[in-house]
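For reference, the chains in residue letters:
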Amino acid sequence: MRVMAQVAMVMNLDKCIGCHTCSVTCKQAWTNRAGTEYVWFNNVETRPGQGYPRRYEDQDTWRGGWTLNRKGKLRLLAGGRIQKLATIFSSPVQPTLDDYYEPWTYDYENLISAPLGDDIPVARPKSLITGEDMKISWSANWDDNLGGSAATGALDPVLQKLADDAGEQIKLSFEQTFMFYLPRICEHCLNPSCMASCPSGAIYKRSEDGIVLVDQDRCRGWRQCITGCPYKKIYFNHRTGKAEKCTFCYPRIEVGQPTVCSETCVGRLRYIGLFLYDADRVTEAASVPDERDLYEAQLDLMLDPSDPAVVAAARAGGIPDDWIDAARRSPVYALAKKYRVALPLHPEYRTMPMVWYVPPLSPIVDLLTGQGHDGESHENLFGAIDTLRIPVEYLAELFSAGDTAVVTGVLRKLAGMRSYMRDIALGREPNPLIPASVGMDEESMVEMYHLMAIAKYADRYVIPTAHVEQGHQLEEMACSLDYDDGPGMYESGPFGEASGTVMPVSVETFQALQQRQTSDRAADAGSLRDRVNLLNWDGNGTPTGLFPGDR
């Protein structure tokens, strides 16, 4: 058993409101450069819909992910070394610009400089590629709120995979306007097919935390990684000639901060934590013959961080004690392995994805309430799961390789939690038969509720910091661990972000951000040290020296 650590994420889809704040802040932080106009490391898709790039889930066309050969061994769906060498100078099996979208801006200058006349000037869309006038016909979220579904909904690859009976059910459900939002980032897989596809060896998986990155110095722009990734979360920068992808905000992770998309999420639907897994069994787990067994095989890789044998093996592998402790408190381990309500996205791709999803349950309550029933009663909820407005078959194609029993089991737990906690909220005697009916006890159900419904900052993000021996790898001018107690050792000052002592920005803001989102009161007053940080001052208090005449 070779124990390694993996940073992972869970998203609760019941909480996503489709505001795209995560996408905008990610783009501002990581893809606001020339050549990345069409690049969205984080995007939010409306399902049903074609996704971004369009129909990326159609692996018959794009040839992403892994498959098994006649001997039951893993091989890339796009072909082995010989095939890749034969096509290394021409890799047509990848989305074109039309499958993404032609990025554009608007002719704002015309609004300002147009001569006086009877007609109101307009700002025509201009292509960022050619500079010519263009007609906008597609974008990163063309299906937003089912806006384009009347014309393109039937092209959703997941819909097309369902049987004719299920397809008729979905067609009827369209009349009831079912939809949900699916935020997506790079999956940072345990068995990444992008890494195996790269002829230059430029894509690597960090041994300390499992984050998958692209070495820009080694990348030669072959673009085989784009073909190999079944989620199409690697993009080609046409200005630099290099591949780029989501970095899981590793400079923030190294100092204990969550990713930008998580930090700015309005619905607080994202959780970040650690898995400990057996690296020696990844290939075995990804090679199980039946696709429907991949979910359980992936769960079996996730080791119990409270098991003494696992702890001993982790220490022998060089994993620090504070990382082992973080794995014990990890919300992603709890949601995926302990409570078994988080599921991987498209496990049938055999990449062992490390971004997990809690499937949505909300529409079932709306449906029952609209029919005049008690939408929170466990008896009604359990009985209506099979008639969800979001068909279970659709969710199963996304999260369990078509196994509806897995999704139904998760939805029953979520429904049971709602009904059980409702009795408590209304002051009624809780019914112990509800958690028992879904294989849980009352204590576990309450714990799951506190984690999923009202979790505070420190419970949603359990991210151990990098160590001194890794400090030289940090991107900032100074390592956060050059300071006693690591990041966040200074209290939050009255002007927001503990401004004062000169230190890396990530260190300066960590404790204050954490306190702001976990405290029930304003930041504590503190003394002015070396400077006043006006940029991050939140207006809570006025430190001495902020305004002239205070002395």
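Residues numbered from 1 in each chain as written. Predicted model: local features only at pLDDT ≥ 70, side-chain atom pairs only at ≥ 80, totals over all residues. Heavy atoms only, no water.

The protein is annotated in an unreviewed UniProt entry as Nitrate reductase beta subunit of Gordonia araii NBRC 100433. Quoted verbatim from the Subcellular location (unreviewed entry) heading of the UniProt record, the comment on the protein is "Cell envelope". (UniProt positions renumbered as here; feature names shortened; annotations may be inferred.)

A. How the structure looks around the sheet that holds strand 14 (residues 355–358). Strand order in the open sheet made by the four strands is 12-1-14-13, with mixed pairing throughout. Pairing within the sheet leaves two strands with one partner each, and these edge strands are strand 12 (270–278) and strand 13 (343–344). With nine bridges joining them, strand 1 (residues 3–12) and strand 12 adopt antiparallel strand pairing. By the bridge assignment for strand 12, Met 4 is matched with Tyr 277. (Pairing = 2+ DSSP bridges. Helix = DSSP H or I, 4+ residues; strand = E, 2+ residues; numbered from the N terminus.)

B. Broad picture of the packing of helix 20 (residues 404–425) against helix 22 (residues 442–452). The N-to-C vectors of helix 20 and helix 22 enclose an angle of 95 degrees; their axes lie 10 Å apart at closest approach. It follows from the interaxial angle that helix 20 and helix 22 lie roughly perpendicular. Side by side, helix 20 and helix 22 meet where Lys 413, Leu 414, Gly 416, Met 417, Tyr 420 and Met 421 of the first sit next to Glu 442, Met 445, Val 446, Met 448, Tyr 449 and Met 452 of the second. Within the contact of helix 20 with helix 22, the residues separate by chemical class into nine nonpolar, one polar and two charged. (Axes fitted to C-alpha atoms, helices over the stretch in contact; angles between N-to-C directions. Parallel < 35°, antiparallel > 145°, perpendicular 65-115°, else oblique. Contact = heavy atoms within 4.5 Å. Nonpolar A, V, L, I, M, F, W, Y, C, P; charged D, E, K, R; others polar.)

C. Here's a closer look at the pattern of salt bridges. Taken as a whole and judged by the stated rule, the model has 21 salt bridges. Two residues, Arg 206 and Asp 209, come together in a salt bridge whose shortest N-O distance is 2.6 Å. Salt-bridge contacts for Glu 296 lead to Arg 340; the nearest nitrogen and oxygen are separated by 2.4 Å. On the criterion of sequence distance, the pair formed by Glu 296 in helix 13 (residues 294–301) and Arg 340 in the loop between helix 16 (331–338) and strand 13 is long-range, its members being 44 residues apart. (Salt bridge = Lys/Arg side-chain N within 4 Å of Asp/Glu carboxyl O.)

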